[in-house]
Each structure stands twice: as C-alpha cells, then as structure tokens.
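One letter stands for each residue in the lines below.
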Amino acid sequence: MGKSIQYDTEIIGAFPAIAEYLKKLGVAKIVDDVVPWEGNISLATLAEILILNRMLNPKALMRVGEWAQNAGVTQYYGVTAEQLNDDLLGRALERLSEYRAQVETALVISSIRNFDLDVAHVHFDITGVELYGSYERQLSTEGEESGPLQPAYGRTKSGRKNVKQIQLGLNVTHDGGVPIGHLPLDGNAAESPVHIENLKELRKRLPSNTRLKYVADCKLDTPENLLTIKAGRGQFLCAGVFSPKLQDEFLKRREQLQPVDYAPKSQARLPPEKRDQYLACEMLDSISGEVNGRTVTSKHRVVFVWSQAKARQEKATRERHVAKIQAEFETVTRNLNRYSLKTEDVIVRRLESAKAKYPEGNMFEYTLTCRKKKYHLTWGLNAKAVERWEQLEGAYILKTDYPIREYPTVSILGEYKSQICVEQRMHYLKGPLAVAPMYLEKPERIAGLLCIVVWALIVLSLMERQVRRSLQGKPMYGLYPENRPSPAPTGPAILNAFSTLCIVIVKNGATQLRQLAELSPVQEKLIKLLGIPPGGMETFKRGCGM
C-alpha cells in the first residue's frame, strides 16, 4: 500500500501583509545601516522577528523561537527556533535601545518618502508602563551618563501603589496617528520638563524646514515650554492650567460665551437639539522670557470653553464627593464627646481629614466650641463657595498661538479634541501590542522592548491609515459580526481579519509541499486596500518555500 498523504497547517495570520509593510518602510535596511552588531544572525532579522511577534503574538516575551517556527517565521527568515534564544534576543534589545533615536529618525524619513506622511502636526502624551519583578536602581558612577531609564514607584495610571513603573512619552502625527518617536522615562519623572527634551529630539528628527504644530495636555502649559516652542518657530495648542486668576476671568466673561458648532463623533449623527452643547469665548495673553540667552515673547490666545457633558459629569462627581464628606461630618457630630472624640486635636484632625479626601472639601466650614468640658460642632456648606464651584463646572481653557483667521474657535476645539489619536495609540500599546505588565532583567532591555513595541505600532498605524485612505470615507463590510459596516477600520481589526490565514503543508512520503491557503473575500479586499500588489504576495510565498 502507498503511504498516506498527511496535511498540516501553520497559522500565519497577517504575516504577509506585515512583511510587505516592513519591506516598504525599510526596517531591515535601516537597522543594518544604523546599528552595529556582532551576532551570527543579523540584528535587522531579529528586529523584524520581534516586531512580528508583538503584532501577531503579543504575549510574554518567552519561547519566541517556538512561536516563530509554528508561524512560518523561521522559514521566511532562514533561521532556526534554537537560534532565537532568550540571551540573543535580550542582547538585541539592549543594542536597539542604545540606537533608538537614530533608528527612529530614519523611520521618520522613510515614512515621509514612502507613505507621504505629514509629520509637521504632532500630538504628544505620556503613559505609565507597570512592571513586575524586583528592579534595583542602577546609579551611574561619577563621569558616566545615567542609564536609559530607571524603574521606580510613581503615580500609576491604574492607581496601583505596590508596583514599579517606567513612563513612556509618545509622539504621533495628526495625519493618521502614526508614531514618529518615543521617550523612555523614569518611573517617577515629572511630566512638565519632559516636553523640553521631547522638543529637542523632534527638531533633530524632523526635516529642517518643518514648522511644528505641537499639541499636548495641560502639562505643556509652563512659560518655559511655550517659549521654547516659540523660539523654535513652532506653534502650540494645549489645555491650560485653570488657575484661580483664570477662573475669575472666566466668571467675568460668562455672558460673552457663544455657542460653538462642535459635536464629538459619538454624537455626530444626532439632531443638533440632542447633542451636548459647547460654549466658548477668547482673550489674548502674552508671556516673555529668555530661551538660550535671547528674549522671546509669545502672544497667544486663551480660549474659555464650557462643555455641557463635562458640566454634567462634574456635577455628579461633586454631589457624590459632598455626600461622602457630609456622612463623615455627621458621624463626628453623632459621636462627639464619645470614644476618641474627646479632645479638640482629635476632632479637628478627623474633620480636616474628611475635608482633604476630595477638593470639594474646601466648600465645608465648621465651628467647634467647648462649654463645660463638652464640645459642640456646627458645620455646613459655604454658600458662596458652592455657587462658585457650580459656575465653574464644565469649564476649562485652551491655549494656542494658532492664527485666528486660519483657526477660528471651533477649529481650535476640534484640533484639541483630536488629541484622542495619541490616547488611542497608547491603548493599542497596552492592549493589542501588550506592553504591560512585563518583566525583563535589565532596564536597557525594557527600553529595547519599548522600541520594538513602538516600531510595531508604526507599522500597524500605517496599515490602518492606508486602509482608511483607500476606502475614501466609505464603510467596509465583513470585519464586524452580522456584516455590520465599519466606517473606520482599526489596526487590530485589520490584523484580526487575517487570523485564519495559514500555510498548508502537504506531506507525501519524503516530499513536502507548502502552499498558502486561499484568501477569503475580506482578506482579498484588505490586501487591495493596503496597496499590496500581487508581486508582494509572490515574494512572500517564495520566502516561505512555496
């Protein structure tokens, strides 16, 4: 009897599409040209394999060789699973972190040249990356520069207090939310000074004739930061620090607030009368100071904004916090002169502790008296303080030096709301690309993994941007259950659409045939939307031995 034919499969997912984008972006050539390396396997190959691992298998960084063999990656790159050991990958991460800035500069130039990416309009934000394991602080010796970053206890975004973290500053373009650089930061780094360092890196990274538009949150609002942008011929847009002085200014101008024709995307399809209302007015302001030894003056706009949705949310928060403080005051009143509440110090400390729990505690006032060795407490809410609080609910300010003729008030509000693009990319970092939580032996390797994850995010964002541009505003069908339309396909949804794609291996005795499975209609459409020509797929097949 003849030997039976055996069939096997290798699930490769979006590997063919990602490989084509890695090639178009020139990741391998950039790494080879920029980063020196002494290993038996080229660092460019290791970098691409790690990027593929983050995009196709975002789990703990272990057993990468085993995954690569099962996913057709070793066949494509001509390596073995045994070669992709932890020590080699760890050393690769250390070297990549050392040359982070040079690689990302080359990636920006390649994105401009090959994808026509507009890099002049940048959104910046910072997030925390929580760590598991014990990390000792590595202090530099005298004359040596400090390490790339230091894990430390800090104010984590999740609120956890028992884990160390590092922080990550991310720059993305307004054009498609494509990352063009990142900063690895110490776990307890203050946010405001980070902008100066980030602006220096952006000036080195972007073409010399770029007039930068820089968008960030309220941590940008310091004279030093704003004047530095001005001195570099850039422009800024940020949320402003709503100081008591500016709060007073807002209250004076409440009658000047005018409706703004803006609606968030979530309410764009609702009739105007059902949308949350936005009101705004403006004033001019200026600041002066020295930057690199020369005097710089910034004349900018201060935009006062009132949001109905924000007011509704802040009212609910105020009522909840006030109720909790009131409950504590009532408990003190009920137990006065009993238990431990028998001395003025203890009573006052308990009341002040209750007030300090929330900012709304500033609205509470009380009087504590003592007659015949008995304490009496009267308390309540300060009517003027409550009135001021209510009038400020829903209000915030924006600061910008964008010219009013090109950017009227409604445009400024819309521009700032697009800051969500960097928040979405950070969501991808922590979800589909899985930055956190993680454990690596050295801070240098943490920094290297951040490089890999950000570069994977560049590829993912370019794929998402290309599909959306190819759709030209039309929805795509087939990505969601029940064939629901997808008006703006996301990067993770695009990758997930290829999750069933595999290589079929036909074994007949000593012979073996490898063949790419037939693409589904949705996968075929995505290949066209991604701009991948048939030749790209043929190149991939040859690389995988088909």
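Cut-off values and rules
Residues numbered from 1 in each chain as written. Predicted model: local features only at pLDDT ≥ 70, side-chain atom pairs only at ≥ 80, totals over all residues. Heavy atoms only, no water. 1 Å grid on protein atoms, 1.4 Å probe; cavity = no way out; pocket = protein on both sides within 12 Å on 5 of 7 lines; lining within 4 Å. Points joined across faces, edges and corners; volume = space filled by probe spheres on them. Helix = DSSP H or I, 4+ residues; strand = E, 2+ residues; numbered from the N terminus. Nonpolar A, V, L, I, M, F, W, Y, C, P; charged D, E, K, R; others polar. Contact = heavy atoms within 4.5 Å. Disulfide = S-S within 2.5 Å. Salt bridge = Lys/Arg side-chain N within 4 Å of Asp/Glu carboxyl O. Buried < 20%, exposed > 50% of the residue type's maximum accessible area, 1.4 Å probe, protein only. Pairing = 2+ DSSP bridges. Axes fitted to C-alpha atoms, helices over the stretch in contact; angles between N-to-C directions. Lys, Arg positive; Asp, Glu negative; His and termini not counted.

Student: Before we move on, could you go through the layout of surface pockets and cite the residues and values that matter?
Tutor: In this structure, the largest pocket spans a volume of roughly 1,000 Å³. Forming the boundary of the largest pocket are 29 residues, of which Lys-265, Lys-417, Ser-418, Ile-420 and Gln-424 lie nearest the centre. If you list the elements that add at least two residues to the lining of the largest pocket, you get helix H14 (409–417), helix H15 (420–430) and helix H16 (443–471). Here the lining of the largest pocket takes 6 residues from H15, the largest share from any one element. Of the residues belonging to the lining of the largest pocket, the class tally is 9 nonpolar, 10 polar and 10 charged. Looking at the second largest pocket, its volume works out to about 800 Å³. Among the secondary structure elements, those contributing two or more residues to the lining of the second largest pocket are helix H11 (308–334), helix H13 (383–392), strand S12 (395–400) and H14.

Student: Give a detailed account of the side chain of Thr-74, specifying residues and quantitative values.
Tutor: Along the chain, the position of Thr-74 falls in helix H5 (residues 73–77). Leave out the neighbours within four places in its chain, and Thr-74 touches Gly-65, Ala-68, Gln-69, Val-79, Thr-80, Ala-81 and Leu-84.

Student: Give me the lowdown on the state of the cysteines, citing residues and values where you can.
Tutor: Counted according to the given criterion, the structure contains 0 disulfides. Of the cysteine sulfurs around Cys-421, a residue in no disulfide, the closest is that of Cys-238, at 16 Å.

Student: So what's going on with the pattern of salt bridges? Which residues, and what values?
Tutor: Counted by the stated rule, this structure contains 24 salt bridges. Where Arg-253 meets Glu-249, a salt bridge forms, and the shortest distance between an N and an O atom there is 2.8 Å. For Arg-253, a relative accessible area of 18% gives the class buried. A salt bridge links Glu-464 to Arg-425, with the nearest nitrogen and oxygen atoms 2.8 Å apart. Here Arg-425 lies in helix H15 and Glu-464 lies in helix H16, a separation of 39 residues in the sequence. Look at Glu-464 and you get buried, because its relative accessible area is 4%. On the basis of relative accessibility, which here comes to 3%, the residue Arg-425 falls in the buried class.

Student: Tell me about the pairing of strand S9 (residues 294–307), and name the residues and values.
Tutor: For S9, the tally of buried residues reaches 10 of 14 residues, placing the bulk of the element in the interior. Relative to S9, strand S8 (residues 278–291) is paired through 14 bridges, and the arrangement is antiparallel. By the bridge assignment, Met-283 is partnered in S9 with Val-302. Linking S8 to S9, which pair antiparallel, is a turn of 2 residues; within it Asn-292 sits at a positive phi near 55 degrees. Relative to S12, S9 runs antiparallel, the two sharing 6 bridges.

Student: Summarise the sheet that holds strand S16 (residues 511–516); cite the residues concerned and give the values.
Tutor: Read across the sheet, 3 strands follow the order S1-S15-S16 without closing on themselves; strand pairing throughout is antiparallel. Only two strands of the sheet have a single neighbouring strand rather than two, namely strand S1 (6–11) and S16. Adjacent strand axes in the sheet meet at a mean angle of 20 degrees when their direction is disregarded. Two strands pair when backbone bridges link them, and S1 and strand S15 (residues 502–508) are joined in this way by 6 bridges, in the antiparallel orientation. The residue of S15 that forms the bridge with Tyr-7 is Val-506.

Student: Any chance you could break down empty space enclosed by the protein for me, citing the residues and the numbers?
Tutor: Overall, the coordinates contain 2 cavities of 30 Å³ or more when judged by the stated rule. A volume near 50 Å³ is recorded for the largest cavity. Surrounding the largest cavity, Pro-16, Ala-19, Glu-20, Lys-23, Tyr-76, Gly-536, Thr-539 and Phe-540 form its lining. At the level of elements, helix H1 (15–25) and helix H19 (534–543) are the ones that each hand at least two residues to the lining of the largest cavity. The element best represented in the lining of the largest cavity is H1, accounting for 4 residues.

Student: Tell me about the side chain of Glu-48, and please be specific about residues and values.
Tutor: Summarising the element assignment, Glu-48 is placed in helix H3 (residues 43–56). Among buried charged residues, Glu-48 stands out as having no salt bridge; its nearest opposite-charge side chain is Lys-23, 10 Å away. Look past the residues within four positions of Glu-48 in its chain and what remains in contact with it is Leu-22, Val-27, Ala-28 and Tyr-77.

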